[in-house]
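# Geometric and topological summary
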Amino acid sequence: MVSMKDIAQRCGVSVATVSKALNGQPDIGEETRSRVEQVARELGYMTNAAARALKTNRTYNLGVLFVDERRSGLAHEYFSTMLESFKVEAESHGYDITFINHNVGGKRTSYLQHCLYRGVDGVVIACVDFSDPQVQELVESGLPLVTVDHVFNNRLAVVSDNVSGLEELVRYVYAKGHRKIAFLHGERTTVTQNRLIGFHRACEDLGLEIPEEYIRECVYHDPERCAKATGEILDLPERPTCIIFPDDFSYIGGMNVLNDRGLRVPEDISVVGYDGIHLAKVLRLTTYSQNAVKLGAIAAERLISLIEHPKTTPTDRIMVPGELLEGASVKDIR
């Protein structure tokens, strides 16, 4: 196995210099650092994880708490993209990831117990029931953590700007002449609450009075529930000219109902989605794209900073904006 001594001999420097260069110490010249790193790569040098853990009192392992009630798992494109970005950023800093669950060796355990059992240095929490007592227990522990799309007091959070996202969608369809706008939102979560705020804020600013029956609850990433709500909207005496769906994937259910009723998009009715997954581009669906890649990368970078620099890393809320992607699903009816 290649050692620091081997690198030192090749570079003509001391072992101490090699150690400082590989560990990012500031008292090493950039030319020396680059040379040491290049030789280390050429020789295939890898740090000894066990030795590094003993020296730093860290395992270089990050926990990922991802609970998908609809069991779509990593087939959920938005979250899979975010988690892949989190993984890539973590690995670039020398960290591995472990998924946290309720079981250790077939025995029922809490999320916190699993984190302690695996010895993770910190944990990212995404797509869970944040009111779950076990999630609350984990948040209230001393373990460094970052939440995605949910904010706890005195905890670091990375949040997609859902308020602005819905505002932008409403303003877009309004500019196309639509005044009868329905909103099928997801289940009651922080994400949904913020999207409802954005929806109502835009409608109020634009002077729109939206009937209560135009606003209905669905479930994210659930085409069946979305299909049912779409049917109910279409059965109203005065149906809307545009429907905002909970997310791009759920729109499949709504699309099937529209097709069954002989309604064409956008000729007979306009639709928009949310998330900006690949499916939206295939369907030419106007949608609001969340920056899942940036969300994941920032979550990993800030969690690692919290682990390595706990006294100087603020536990604040980081807002990540997205962008409206114009498809061909909204008719201009001005």
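Residues numbered from 1 in each chain as written. Predicted model: local features only at pLDDT ≥ 70, side-chain atom pairs only at ≥ 80, totals over all residues. Heavy atoms only, no water.

### Topic: the sheet that holds strand β9 (residues 215-217)
- Ordered in space as β9-β8-β10-β11, the four strands form an open sheet in which the pairing is parallel. The sheet is open, and its two edges are formed by β9 and β11 (270-272), each paired on a single side. Mean inter-strand twist for the sheet, computed between neighbouring axes without regard to direction, equals 15°.
- Looking at chain direction, strand β8 (residues 181-185) and β9 are connected through three bridges and run parallel. The partner of Phe-183 across the bridge, within β9, is Ile-215.
- Helix α10 (residues 223-234) contacts β8, β9 and β10 (242-244) of the sheet and is inclined by roughly 155° relative to β8. (Pairing = 2+ DSSP bridges. Helix = DSSP H or I, 4+ residues; strand = E, 2+ residues; numbered from the N terminus. Axes fitted to C-alpha atoms, helices over the stretch in contact; angles between N-to-C directions. Contact = heavy atoms within 4.5 Å.)

### Considering the pattern of salt bridges
- By the definition in use, this model includes 14 salt bridges.
- Between Glu-167 and Arg-201 there is a salt bridge whose closest N-O contact spans 4.0 Å. Pair noted here: Glu-167 is in helix α8 (residues 162-175) and Arg-201 is in helix α9 (residues 190-206), with a separation of 34 residues, a long-range link.
- Residue Glu-167 is classed as buried on the basis of its relative accessible area of 13%.
- For Asp-316, the salt bridge identified is with Arg-302, shortest N-O distance 3.3 Å. Of the two residues, Asp-316 is situated in the loop between α13 (292-308) and β13 (317-320) and Arg-302 in helix α13; the sequence distance between them amounts to 14 residues.
- Its relative accessible area of 32% is what places Asp-316 among the partly exposed residues.
- Judged by its relative accessible area of 13%, Arg-302 falls in the buried class.
- Here the salt bridges share partners, and the residues they tie into one network are Arg-216, Lys-228 and Glu-232. (Salt bridge = Lys/Arg side-chain N within 4 Å of Asp/Glu carboxyl O. Buried < 20%, exposed > 50% of the residue type's maximum accessible area, 1.4 Å probe, protein only.)

### Here we look at the environment of Phe-99
- Inspection of the secondary structure assignment puts Phe-99 in strand β2 (residues 96-99).
- Once the C-alpha coordinates of Phe-99 and Phe-66 are considered, the two residues, 33 residues apart in sequence, prove to be 7.4 Å apart.
- In contact with Phe-99, other than residues within four places in its own chain, are Val-64, Phe-66, Leu-83 and His-114.

### Points about the nonpolar core
- Core analysis: the largest hydrophobic core is formed by 42 residues, its most contacted members being Val-170, Ile-181, Leu-184, Phe-199, Ile-210 and Ile-244.
- Broken down by secondary-structure element, the contributors of at least two residues to this core are α8, β8, α9, α10, β10, α11 (251-260) and β11.
- If near-sequence neighbours (up to four positions away) are discounted, Phe-199 is found in contact with Leu-166, Val-170, Ile-181, Phe-183, Ile-210, Ile-215 and Ile-244.
- One finds Val-64, Met-82, Cys-127 and Leu-295 within the second-largest nonpolar core, a separate group that totals 28 residues. (Core = buried A, V, L, I, M, F, W, Y, C linked by side-chain atoms within 4.5 Å.)

### Quick notes on unusual backbone geometry
- Between Val-265 and Pro-266 the backbone carries a cis peptide bond, its omega angle lying at 5°.
- Within the secondary structure, Pro-266 sits in the loop between α11 and β11.
- Positive phi is not limited to glycine here, since Tyr-60 has a value of about 55°.
- Residue position: Tyr-60 is located in the loop between α4 (49-56) and β1 (61-66).

### Details of the sheet that holds strand β5 (residues 122-126)
- Here six strands make up an open sheet; going across it, the order is β2-β1-β5-β6-β7-β13 and the pairing parallel. Either end of the sheet is taken by a strand with one partner, and the two such strands are β2 and β13. The sheet shows a mean angle of 20° between the axes of neighbouring strands, direction not considered.
- As defined by bridge partners, β1 adjoins β5 across five bridges and the pair is classed as parallel. By the bridge assignment, Phe-66 is partnered in β5 with Ala-126.
- Packing of helix α5 (residues 77-92) onto the sheet brings it into contact with β1, β2, β5, β6 (145-148) and β7 (156-160), and relative to β1 it is tilted by some 175°.

That is the geometry; function is a separate question.
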